[in-house]
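The primary structure of each chain is shown beneath.
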Amino acid sequence: MADISFDDFMKVDIRVGTVVRSEPFPEAHKPALKLWVDYGGEIGVKKSSAQITVHYDPETLVGKKVMGVVNFPPRQIGPFMSEALVLGFHDATDAIVLAVPDGDVPNGARLC
């Protein structure tokens, strides 16, 4: 990958939020869940489609803190408009494990 400047990195707005709603997304081409994440304050709740069905069930995600990019333009995923990108990492089996803060931080806290 090409090097980027610190100014380029600062353009990516990565925030902490709490999942307030989660449900299956059967219309997605690949197994996915619909998430509603509260990023607090001026950002509020944003929707996201996440391919995280291997490690997560909808009912266990509500209340979980997650990290997401909140300044991408909305993207239509089938019948669902995704407004943020919830972040994660591929595990050894190529399934996604969510990126989460290692401590209690408020919704809307920005990665720095």
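See the structure printed just above.
Note that the structure is a prediction, hence the values are computed from the model and not measured.

**Q** I tried to follow the layout of surface pockets on my own but got confused; where do I start?
**A** Once rolled over the atoms, a probe with the size of a water molecule shows which space is left empty. Here the largest pocket defines a volume of roughly 810 Å³. Along the wall of the largest pocket there are 33 residues; nearest its centre are Ser49, Ala50, Gln51, Ile77 and Leu85. Of all the secondary structure elements, the ones that give two or more residues to the lining of the largest pocket are β3 (45–50), β5 (75–77), β7 (85–86), β8 (88–90) and β9 (96–98). Each residue belonging to the lining of the largest pocket can be placed in one class, and the counts come to 17 nonpolar, 11 polar and 5 charged.

**Q** What is the right way to read the pattern of salt bridges from this model?
**A** Oppositely charged side chains are able to pair whenever their charged atoms sit close together. Within this structure, the stated rule accounts for 5 salt bridges. Measuring nitrogen to oxygen at the nearest pair gives 2.6 Å for the salt bridge that ties Asp13 to Arg15. Like Asp13, the residue Arg15 is buried in the burial classification. The closest approach of N and O atoms between Glu23 and Arg21, which form a salt bridge, is 3.0 Å. Given the relative accessible area of 41%, Arg21 is considered partly exposed. Several salt bridges converge on common partners, so that one network encompasses Asp13, Arg15 and Arg110.

**Q** Honestly, the sheet that holds strand β2 (residues 33–38) in this entry has me stumped. Any pointers?
**A** Paired through their backbone hydrogen bonds, the strands of a sheet run either parallel or antiparallel. Across the sheet, 5 strands lie side by side as β3-β2-β1-β4-β7; this open sheet has antiparallel pairing. Strands at the two margins of the open sheet, each flanked by one partner only, are β3 and β7. By the bridge criterion, 6 bridges tie strand β1 (residues 14–24) to β2 in an arrangement that is antiparallel. Along β2, the bridge assignment pairs Glu23 with Lys34.

**Q** Mind showing me how you'd approach the nonpolar core here?
**A** For soluble globular proteins, nonpolar side chains are generally found buried alongside one another. Core analysis: the biggest nonpolar cluster contains 16 residues, and Leu35, Val37, Tyr39, Ile52, Leu61, Val86 and Leu98 have the highest contact counts within it. Sorting the residues of this core by element identifies β2 and β9 as the ones contributing at least two each. In terms of residue count, the dominant contributor to this core is β2 (3 residues). In contact with Leu98, not counting residues within four places along its chain, are Ile52, Tyr56, Leu61, Lys64, Val66, Val86, Leu87 and Gly88.

**Q** Before we go on, may I ask you to explain the pairing of β2 in this structure?
**A** Regular strands have side chains that alternate between both faces of the sheet. Burial analysis of β2 places 5 of its 6 residues in the buried class, which makes it a mostly covered element. Both β2 and β3 contribute to a ladder of 6 bridges, which runs antiparallel. Across the sheet, residue Lys34 finds its bridge partner in β3, namely Ser49. Taking the residues between adjacent antiparallel strands as the criterion, β2 and β3 are bridged by 6 residues, where Gly40 takes a positive phi near 75°.

Criteria and cut-off values
- Residues numbered from 1 in each chain as written.
- Predicted model: local features only at pLDDT ≥ 70, side-chain atom pairs only at ≥ 80, totals over all residues.
- Heavy atoms only, no water.
- 1 Å grid on protein atoms, 1.4 Å probe; cavity = no way out; pocket = protein on both sides within 12 Å on 5 of 7 lines; lining within 4 Å.
- Points joined across faces, edges and corners; volume = space filled by probe spheres on them.
- Helix = DSSP H or I, 4+ residues; strand = E, 2+ residues; numbered from the N terminus.
- Nonpolar A, V, L, I, M, F, W, Y, C, P; charged D, E, K, R; others polar.
- Salt bridge = Lys/Arg side-chain N within 4 Å of Asp/Glu carboxyl O.
- Buried < 20%, exposed > 50% of the residue type's maximum accessible area, 1.4 Å probe, protein only.
- Pairing = 2+ DSSP bridges.
- Core = buried A, V, L, I, M, F, W, Y, C linked by side-chain atoms within 4.5 Å.
- Contact = heavy atoms within 4.5 Å.

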